[in-house]
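Each chain, letter by letter, is given below.
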Amino acid sequence: MTNTVLSRTAPATCDIDLFSDQHLENPYPNYKLLRDAGPVVHLPELNVTALARYKAIRFALDNWRTFSSADGVSLNDLLNKAWTGTVIASDPPYHSALRAVLNERVSPRQIRKLTADIEARAELLVEELVERGSFDAMTDCAYRFVPPVILDLIGFPKEGSENLLQWAEQIFNVNGPDGNQKMQESVPGLVKMFEWLGKECTKDRVTPGGFAATIHEAAERGEIKPESVVPLMAGYSIPGTDTTIGLIGSALHLFANNPDQWKMVRENPDELLRPAVAEVLRMESPVQWFSRVLKQDYDADGVIVPEGSRILLLFGSGNRDERHFPDPDRFDVMRDPMDHLAFGGGIHGCPGQHLAQLQAISILKAFARRVERFEITGPAVRTLNNTTRAFFNLPVTVS
Ligand code: HEM
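Residues numbered from 1 in each chain as written. Predicted model: local features only at pLDDT ≥ 70, side-chain atom pairs only at ≥ 80, totals over all residues. Heavy atoms only, no water.

### Quick notes on the pairing of strand 4 (residues 48–51)
Keep this limit in mind: A 1.4 Å probe rolled over the protein chains alone gives each residue an accessible area, and that area as a share of the maximum for its type sets the label: buried under 20%, exposed over 50%, partly exposed in between. Each helix corresponds to a stretch of at least 4 residues labelled H or I by DSSP, and each strand to a stretch of at least 2 residues labelled E; elements are numbered beginning at the N terminus. Pairing between two strands requires that DSSP report at least two bridges joining them.
Because side chains alternate across strand 4, one face comprises the buried residues Val48 and Ala50, and the other comprises Thr49 and Leu51, equally buried. Sheet topology places strand 3 (residues 41–43) next to strand 4; 3 bridges connect them, and they run antiparallel. Bridge pairing in strand 4 places leucine 43 opposite valine 48. Between strand 3 and strand 4, which follow one another and run antiparallel, lie 4 residues, and asparagine 47 among them has a positive phi close to 55 degrees. In this sheet, strand 10 (residues 310–313) lies alongside strand 4 in parallel orientation, the contact comprising 3 bridges. Each bridged residue has a counterpart across the sheet, and for threonine 49 the counterpart in strand 10 is isoleucine 311.

### Let's talk about the pattern of salt bridges
Where charged atoms from two side chains of opposite charge come close, those side chains can pair. For the record, the criterion: What counts as a salt bridge is simple: a side-chain nitrogen of Lys or Arg found within 4 Å of a carboxyl oxygen of Asp or Glu.
Per the stated rule, a full pass over the model turns up 31 salt bridges. Across the salt bridge formed by lysine 182 and aspartate 21, the nearest N and O atoms sit 2.6 Å from each other. Taken as a pair, lysine 182 in helix 10 (residues 181–200) and aspartate 21 in helix 1 (residues 21–25) lie far apart in primary sequence, 161 residues in all. Classification of aspartate 21 by relative accessible area gives partly exposed; the value is 43%. Here glutamate 220 makes a salt bridge to lysine 203, at a shortest N to O gap of 3.6 Å. You can see glutamate 220 sitting in helix 11 (residues 211–220) and its partner lysine 203 sitting in the loop between helix 10 and helix 11, a full 17 residues away along the chain. What emerges from the salt-bridge pattern is a single network uniting Lys32, Arg35, Asp36, Asp321, Glu322 and Arg323.

### Details of the coordination of the iron atom of the ligand
Threshold: Each metal's donors are the N, O and S atoms within 2.8 Å of it, or within 3.2 Å when it is Na, K or Ca, and because water is not part of the set, sites may look incomplete.
No protein donor other than Cys350 (SG) coordinates the iron atom of the ligand, and that contact is at 2.3 Å. The topology assignment puts cysteine 350 in the loop between helix 15 (315–318) and helix 16 (353–370).

### A look at the side chain of asparagine 180
Quick reminder of the rule: Two N or O atoms count as a polar contact when they lie within 3.5 Å, although within protein this holds only if one can serve as hydrogen donor and the other as acceptor, and sequence-adjacent residues are included solely when both atoms are side-chain atoms.
With respect to the helices, strands and loops of the structure, asparagine 180 is situated in the loop between helix 9 (164–174) and helix 10. The buried category is assigned to asparagine 180, whose relative accessible area is 14%. For asparagine 180, the side chain forms a polar contact with the side chain of asparagine 386, separated by 3.1 Å.

### Concerning the site of the ligand
Which entries qualify depends on this criterion: By convention in these notes, a residue is near a molecule or strand provided one of its non-hydrogen atoms lies within 4 Å of it. Any residue that is not Ala, Val, Leu, Ile, Met, Phe, Trp, Tyr, Cys, Pro, Asp, Glu, Lys or Arg is counted as polar, Gly included; the first ten are nonpolar and the last four charged.
The environment of the ligand is formed by 27 residues, the closest being His95, Arg99, Arg292, His348 and Cys350. For the ligand, an oxygen atom lies 3.2 Å from a polar atom in the backbone of valine 87. A distance of 2.7 Å separates an oxygen atom of the ligand from a polar side-chain atom of arginine 99. Looking at the shell around the ligand, the elements that each hand over two or more residues are helix 5 (94–103), helix 12 (229–257), strand 7 (290–294) and helix 16. No other element matches helix 12, which puts 7 residues into the shell around the ligand. For the shell around the ligand, a count of residues per class yields 17 nonpolar, 8 polar and 2 charged.

### Observations regarding helix 16
Just so we agree on the cut-off: Here the expected length of a helix is defined as 1.5 Å per residue gap, with one fewer gap than residues.
A rise of 1.5 Å per residue sets the reference length of helix 16, with its 18 residues, at 26 Å; its end C-alpha atoms lie 26 Å apart and thus fit the reference within 8%. What helix 16 keeps buried is the set Leu355, Ala356, Gln357, Leu358, Gln359, Ala360, Ser362, Ile363, Leu364, Ala366, Phe367 and Ala368.

### Quick notes on the sheet that holds strand 14 (residues 395–398)
Put simply, the rule is: Axis geometry follows a simple rule: fit a line to the C-alpha atoms, using only the stretch in contact for helices, then measure angles between N-to-C directions, giving values from 0 to 180 degrees.
Here we have 3 strands laid out as an open sheet, ordered 6-14-11, and antiparallel in their pairing. Two strands bound the open sheet, and with one partner strand each, they are strand 6 (134–136) and strand 11 (374–376). Sheet twist, expressed as the average angle between the axes of neighbouring strands with direction ignored, equals 35 degrees. Sheet analysis places strand 11 next to strand 14, joined by 3 bridges and oriented antiparallel. The residue bridging isoleucine 376 from the neighbouring strand is valine 396, located in strand 14.

What follows is the structure, encoded as structure tokens:
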């Protein structure tokens, strides 16, 4: 099956490069062009069809039978094959079995039990940073706060786990299109991570009671295939670090640039921290896209996209869609956009979202107790990644 758009009306086609450094730095002008071009837009360079509008993305997320994840959610065969056997690259019924392994562990009820511990970690770190007065919101704050929480929960052996963050960034780069430089340069990281997980994260070496041990036990009981253990361990460790780090960095950046919004949050943290984090996720979605493959023709307002086409779900664009969010480029902590797309949705909706939100809320809460104002004091440098959106450096002073 060829991957072209057969249309009753003229198909929109666009030659925007979604992986140029310029786009990764600021994707929003291109996203607007794509949204305005039509309900679906064919990108011939990538041979994919992009959904950039909120409504179409939500529809795709809610219809896994048509928009399947079983052929992977990246833009190249290498990663799509490597992810085989994990939740993110499967459809029901096996998806349900894989998802069931850790569903309870990451449920709101279980994550709530971690509140005191995560808040205590946030307090300790923020106290130190505020005492310093000036620090890098990424390297001194987000990068130090997030990985230890995830690593303690998953229970990997210490030796080697310090590479996890680097591997996470590389794997989100490998998610990109074949032949893309960032994608190719990051492949060795993917190989090393799978090797380490297979050799070092064996049943006898992971912490009893951790996520990794739970995954091994599910395989022993025959609930999942033995070959799913490594990809599932990767699936619950890799997507949780870079993304949450990106969220915290974007929050501090947005609050530094919108002191009136920070003032409102400080005055009413119990009410406003949760919607403020949702608004950060909407404004700067840490995961900008994943893809699907059509299992039947898709009729998008009269434009037929044929079965077999790879579809790009541009979460970062849907979250700025003026058709759904009025004045979408305005950061407004009162907006409470609970239906944002930053965690995807439907059966693949992010299972780690409660953990990620707890971490972001805890760190902001600790700052809210102590800091009236953030000021950016040097260049805010982005990590230009094929999939994720985050800063690498964000120098700030607090007062
Ligand atoms: C701000 C932080 C996070 C963001 C923005 C995020 C974003 C996403 C998105 C957009 C998806 C949907 C994938 C799709 O539809 O194909 C997803 C799925 C997933 N996320 Fe997250 N995530 C975050 C944190 C986490 C954490 C902390 C964990 C682990 C504890 C995690 C584990 C997963 C897993 C396992 C999936 C696959 C679920 C499935 O396919 O059923 N994520 N995430």
